[in-house]
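Observations on the model geometry
Chain residues, written in single-letter form:
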Amino acid sequence: MSEEVPMNDASTGEDGYLVLAIDTSTDMLAVAVGRWVLRDGGADVSVLASGDHLCRRRANVELVDTSLAALSSCGHTMQDVDAVLVGRGPGSFTGVRIGIATAKGLACGLGCMLHGTSTLDAVAWHAWATGARGLVGVVGDAMRGEVYPGIYQVDDSGPVRTFPVETVSKVDAVVESWSARPDAARITLTGDGLRKYRDRFEAAGMMRMVDESSWFPTGEGLLRAAASPSRYSADETGDPALVLPVYTRLSDAEENEAKRLGLSRPDTVATTGCDDALADRHLQLRPMSVNDVAAVADLEREVFLPSGHEPWSEALFSDEVSNPQHPWWVAHDEGHVIGYAGGQMSGPDVEVTNVCVASDRRREGVAARLVARVAYDAQMLGATGALLEVEDGNSAAMSLYRGLGFEECGRRRDYYGKGRDAILMRADLPLTTRADHRTPDPHASIRPWPVTSERRSAAQVEAIEAAGDLVLAIESSCDETAMAVIDGSGEVISSVVATQIDFHARFGGVVPEIASRKHTEAVVGVYEEAMAKAGEHFGVDTLEPSDLAAVGVTKGPGLVGALVVGVAFAKGLAAAADLPLVGVNHLEGHLLANLFETPDLEPPFVASLVSGGHTMLVQVRDWGDYQVLGETIDDAVGEAFDKVAKALGLGYPGGPVISRLAERGDPKAIRFPRAMMHSHDYRFSLSGLKTAVITYIEGENRAGRAIDLPDLAASFEAAVIDVQVSKATTAVDECGATDFCVGGGVAANPQLRAAYQKAFSRMGVRVTVPPLSACTDNAAMIALVALRHFEEGQRDDLSMDADPNMSL
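What this report covers is the structure whose coordinates are included nearby. In every chain, residue numbers begin from 1 and rise along the written sequence. A pLDDT threshold of at least 70 governs which residues receive local features in this predicted model, and a stricter bar of 80 or more applies before side-chain atom pairs are shown or counted, although totals over entire chains, interfaces and linings include all residues. The side-chain values count all of the structure's non-hydrogen atoms but skip hydrogen atoms and water molecules.

Only DSSP runs of H or I with at least four residues qualify as helices, and only runs of E with at least two residues qualify as strands; both kinds are numbered from the N terminus onward. Scanning the protein from N- to C-terminus turns up 22 helices and 28 strands. A buried classification covers 59% of the 808 residues belonging to the protein. Residue contacts are counted whenever heavy atoms from the two residues lie within 4.5 Å of one another. Sequence-distant contacts, at least 24 apart, represent 72% of the contacts inside the protein between residues at least 6 apart. When the accessible surface of the protein is split by element, carbon and sulfur atoms take 48% of a total near 30700 Å². Relative accessibility under 20% of the residue-type maximum defines a buried residue, over 50% an exposed one, and the middle range a partly exposed one, all with a 1.4 Å probe and only protein chains included. Under the convention used here, a 1.4 Å probe and the Shrake-Rupley method define accessible areas, while residue burial counts only the protein chains that appear.

See the structure below:
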């Protein structure tokens, strides 16, 4: 699955491409500067400089500086680079993403092409460089007692694969398979997997190995692998959005789901099955459950009866949902079902049997997202294609399905009645990713690559210059890929958020590995959308990196794998465009988000930060001078909401659904504990409350009593709010503050907002809560902090790394 590299005479002079090659898939940080000079079917490679060195777990710290040093050592700067080349793995998942995210940032900053190649191929070319000929077996370390195996036929012209795609296998299975070959004694072994498993191959009689110092990929190996005649293509675009890691296996959460369903793992994996449409935050997708059947049947009747179609019965939907071979999904807006889709396995294909969207929610991309989810589930069940039928003349539906890759393959006469034919359509899996035509596909760039700058009028140039320092901010601390551009006056002129909620909903919470993968896939599309929207503000096609004054990025706290992607991309972009880098504390962003609501807000004040990952009270003595008065000792508020919602089968995220239910419930119906309410400090504990609610649910279920969901939600929510408000009012009183602010995703909870307003109005304290759009994770708030720090002269080195435990 190595990405093929194009050679385009029109884009190169006699000197060819100057290429920066990087790979961080292993403990070897591979960096080289080289030149590709075109020839028929490939390119001649000359290596100008190399920065290869071992740097275990420090790739994100050393990669950019090493690249700059390599360029400098051969008399070049970053601006001389014509193309960037990156190893796509397989290898360490986080390691691969560091290299690819950095490379994407470099390519975006330079406006140049980005190419990817196989790390295994690079290792084979390194073996070639040491003189290995004949059969070469590459054994890459895949952890967990597994390896990435590949056998190459190597002659003086270079290595050629004997296998189609990269795979992962148990090391003992590879040893058994390779040692059983009649030519086993002639296989020369290499690869970092030998550091762990050398003795197993030797015990099987496979003794031929290259020197241990040559078991890793090199920058030169990358350059030669990508330019070899067997790997290059004249058609590939060089679009950085399309260069993705080769993982070879699903995330743990997906693999566990596959095991639960008794499925085999796929041969190789490039992307996860999430639709990255920049979705309405209230519109969410999740697998259909038995609790949805009644609402789904109601919507079925509402939509299909007027059109003359026989609606499915509630009993039929119940049968479908109970069959694990029949994938079904619902779309809901704050708990209200607005659409659904499902299918059943039919040989190697999944037959999509039903797609329905409420009449007032059509043309929002809902149907496409639902079909994509059903198709992905079917892929996990082993399907290689998808079938569906649509009534002849339904041009809107046919256009939608064509956009997902479906093509007409047949016709069923009079299927819907006399003279009403059904058109059969089929698509190979995976489906085309562009499921929402209102927004750009995050897997493809807005403009063709390489990028050429547009001509600007004097008025446009003047408008951009008059805006002062333009700062691009990047946020990737959890499950949203977000970017924003802010001008020198503090006005946010573009803000884009790509959410992953659809996919994490399956697992009832954020899966860190999936979040990291989706950031890597979405980051270029979000960058281009943010820059294009900022360009519209000035009447130009898009902003260019040269228009920016700095790049800001969340460096922590958050999920380390997610943070790494944003930080690596930001560093690559900053290095390529020669821009200052400003690291931002995510929590400080939530504090400053209150300025969107109250621009004249000034310290000192007390703030409550409540989200899925944090619950704390903070005394803001000055901007940048914060004292944490107390925080949770176990679960965060948002985490407790999600876990209770999961126990009730309400889906993810749980906060909006529970809040909506609570509006109709009695907060005094069930007396849940108010943990640490009288602890005489500012610490919080949500674990006991969460356990009490789950215990109550289990007890009611055992007794066979129906649970009044609105009453339970209202009672749980009241227990949370009572503690939050009690400790907040005490903190404000003790600190003598006249302002109180709230930040974080849970700040969007209407009951919590109202409770704060009511309590503090009696104290004469002004309450500020950010706009709803600024409560959840976004880059606009990061941009506010980055601009302030930039104006204060704060700069971070290009060795900056993510800090998942960063304190406020």
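Still more to cover.
This part covers the sheet that holds strand S19 (residues 471–475). Only strands joined by at least two bridges in the DSSP assignment are considered to pair. The strand order S21-S20-S19-S22-S23 describes an open sheet built from five strands, whose pairing is mixed. Both edges of this open sheet fall to strand S21 (492–499) and strand S23 (581–585), since each of them pairs with a single strand only. Across the sheet, the mean angle separating the axes of adjacent strands is 20 degrees when strand polarity is ignored. In the sheet, S19 pairs with strand S22 (residues 550–556) via four bridges, with the strands oriented parallel. What sits directly across from Val 471, in S22, is Ala 550. Sheet strands in contact with helix H15 (residues 560–577) are S19, strand S20 (480–486), S22 and S23, and its direction is about 160 degrees off that of S22. Structural elements are reduced to axes, namely lines fitted to C-alpha atoms, with helices fitted over the stretch in contact, and the angle between N-to-C directions of any two is expressed from 0 to 180 degrees.

Pairing of aromatic rings covers Phe, Tyr and Trp, the last through its six-membered ring, and needs centres within 6.5 Å; plane angles under 30 degrees mean stacked, over 60 mean edge-to-face, and all others mean tilted. Evaluation of the coordinates by the stated rule reveals 18 aromatic pairs. Residue placement shows Arg 373 over the ring face of Trp 329; its charged tip is 5.3 Å from the ring centre. The ring of Phe 684 is capped by Lys 727, whose NZ or CZ atom sits 5.8 Å from the centre of that ring. Should the NZ of a Lys or the CZ of an Arg lie within 6 Å of a ring centre and within 35 degrees of the ring normal, that charge is described as sitting over the ring.

So, on to the sheet that holds strand S26 (residues 625–631). Across the sheet, which stays open at both edges, the five strands sit in the order S26-S25-S24-S27-S28 with mixed pairing between neighbours. In the strand order of this sheet, the two ends are held by S26 and strand S28 (766–768), each with one partner. Neighbouring strand axes in the sheet, compared pairwise and without regard to direction, differ in orientation by 25 degrees on average. As paired elements, strand S24 (residues 605–610) and strand S27 (residues 739–743) share four bridges and run parallel to each other. From the neighbouring strand, Leu 609 faces S27, where its bridge partner is Gly 743.

This part is about empty space enclosed by the protein. Over the atoms, a rolled probe matching the size of one water molecule traces out where space is still vacant. Every definition here rests on a 1 Å grid over the protein atoms only: cavities are sets of points where a 1.4 Å probe fits but cannot get out, pockets are open sets enclosed by protein on both sides within 12 Å along at least five of seven lines, and lining residues have some atom within 4 Å of a point. Grid points are joined across faces, edges and corners, and a volume is the space filled by probe spheres set on the points. Taken as a whole and judged by the stated rule, the model has seven cavities of 30 Å³ or more. Of the pockets and cavities examined, the largest cavity occupies roughly 70 Å³. Among the elements of the structure, helix H3 (119–129) and strand S7 (134–141) are those that each provide at least two residues to the lining of the largest cavity. Gly counts as polar in this scheme, as do all residues outside two lists: the nonpolar Ala, Val, Leu, Ile, Met, Phe, Trp, Tyr, Cys and Pro, and the charged Asp, Glu, Lys and Arg. In the lining of the largest cavity, the residues fall into eight nonpolar, five polar and two charged. What the second largest cavity holds in volume is close to 60 Å³. Grouping the constituent residues of the lining of the second largest cavity by class yields eight nonpolar, two polar and one charged.

Another point: unusual backbone geometry. Look at the link from Gly 556 to Pro 557: it is a cis peptide, with omega at -10 degrees. Summarising the element assignment, Pro 557 is placed in the loop between S22 and H15. Pro 603 connects to Pro 604 through a cis peptide bond whose omega is 5 degrees. Within the element layout of this structure, Pro 604 appears in the loop between helix H16 (586–592) and S24. With a phi close to 60 degrees, Arg 57 is a non-glycine residue in the positive phi region. Along the polypeptide, Arg 57 turns up in the loop between strand S4 (53–54) and helix H1 (59–73). With a phi angle near 65 degrees, Arg 363 is a residue other than glycine that sits in the positive phi range.

Turning to its location among the elements, Pro 667 is positioned in the loop between helix H18 (654–662) and helix H19 (687–703). Expressed as a C-alpha distance, the spacing of Pro 667 and Glu 717, which sit 50 residues apart in the sequence, is 7.5 Å. Other than its neighbours up to four places away in sequence, Pro 667 contacts Ala 714, Ser 715 and Ala 718.

As a further point, take the nonpolar core. Working definition of a nonpolar core: buried Ala, Val, Leu, Ile, Met, Phe, Trp, Tyr and Cys residues. They are joined through side-chain atoms within 4.5 Å. Ranked by size, the top nonpolar core spans 66 residues in total, and within it Met 483 and Phe 569 carry the most contacts. Residues contacting Met 483, with those up to four places away along its chain left out, are Leu 472, Ala 473, Ile 474, Ser 494, Ser 495, Val 496, Val 523, Val 526, Tyr 527, Ala 530, Phe 569 and Ala 779. If you look at the next biggest cluster of nonpolar residues, it comprises 47 residues, including Leu 712, Ala 713, Val 723 and Phe 760.

Inspection of the secondary structure assignment puts Val 746 in the loop between S27 and helix H21 (750–761). In the structure, Val 746 is positioned 371 residues away from Ala 375 in sequence and 33 Å away in space, judged by C-alpha atoms. In this structure Val 746 touches Val 610, Ser 611, Val 637, Gly 638 and Leu 752, once residues within four positions along its chain are discounted.

Most of strand S5 (residues 83–87) is tucked away, with five of its five residues classed as buried. A two-sided burial pattern is seen for S5, the buried positions comprising Ala 83, Leu 85 and Gly 87 on one face and Val 84 and Val 86 on the other. Both strand S1 (residues 17–23) and S5 contribute to a ladder of four bridges, which runs parallel. Across the sheet, the residue bridging to Ala 21 is Leu 85, located in S5. The sheet contact formed by S5 and strand S6 (residues 113–117) spans five bridges and is parallel. By the bridge assignment, Ala 83 is partnered in S6 with Met 113. Note on the crossover from S5 through helix H2 (residues 93–110) to S6: the handedness is right-handed. A clockwise path from the first strand over the helix to the second, with the strands pointing away from the viewer, defines a right-handed crossover.

A few words now on the pattern of salt bridges. Opposite charge on two side chains permits them to pair, given that their charged atoms come into close proximity. The salt bridge criterion pairs a side-chain nitrogen of Lys or Arg with a carboxyl oxygen of Asp or Glu, the two atoms within 4 Å. As enumerated under the stated definition, the model contains 37 salt bridges in all. Among the ionic pairs, Glu 146 bridges to Lys 170, the shortest N-O distance being 3.8 Å. Taken together, the positions of Glu 146 in strand S8 (residues 146–155) and Lys 170 in strand S10 (residues 169–170) put the pair 24 residues apart, joining distant regions of the chain. With relative accessibility at 47%, the residue Lys 170 sits in the partly exposed group. The shortest N-O distance in the salt bridge between Glu 389 and Arg 412 comes to 2.7 Å. Within this pair, whereas Glu 389 is found in strand S16 (residues 385–391), its partner Arg 412 is found in strand S17 (residues 407–412), the two being separated by 23 residues in sequence. The structure contains a network of salt bridges with shared partners spanning Asp 392, Arg 411, Arg 413 and Asp 421.

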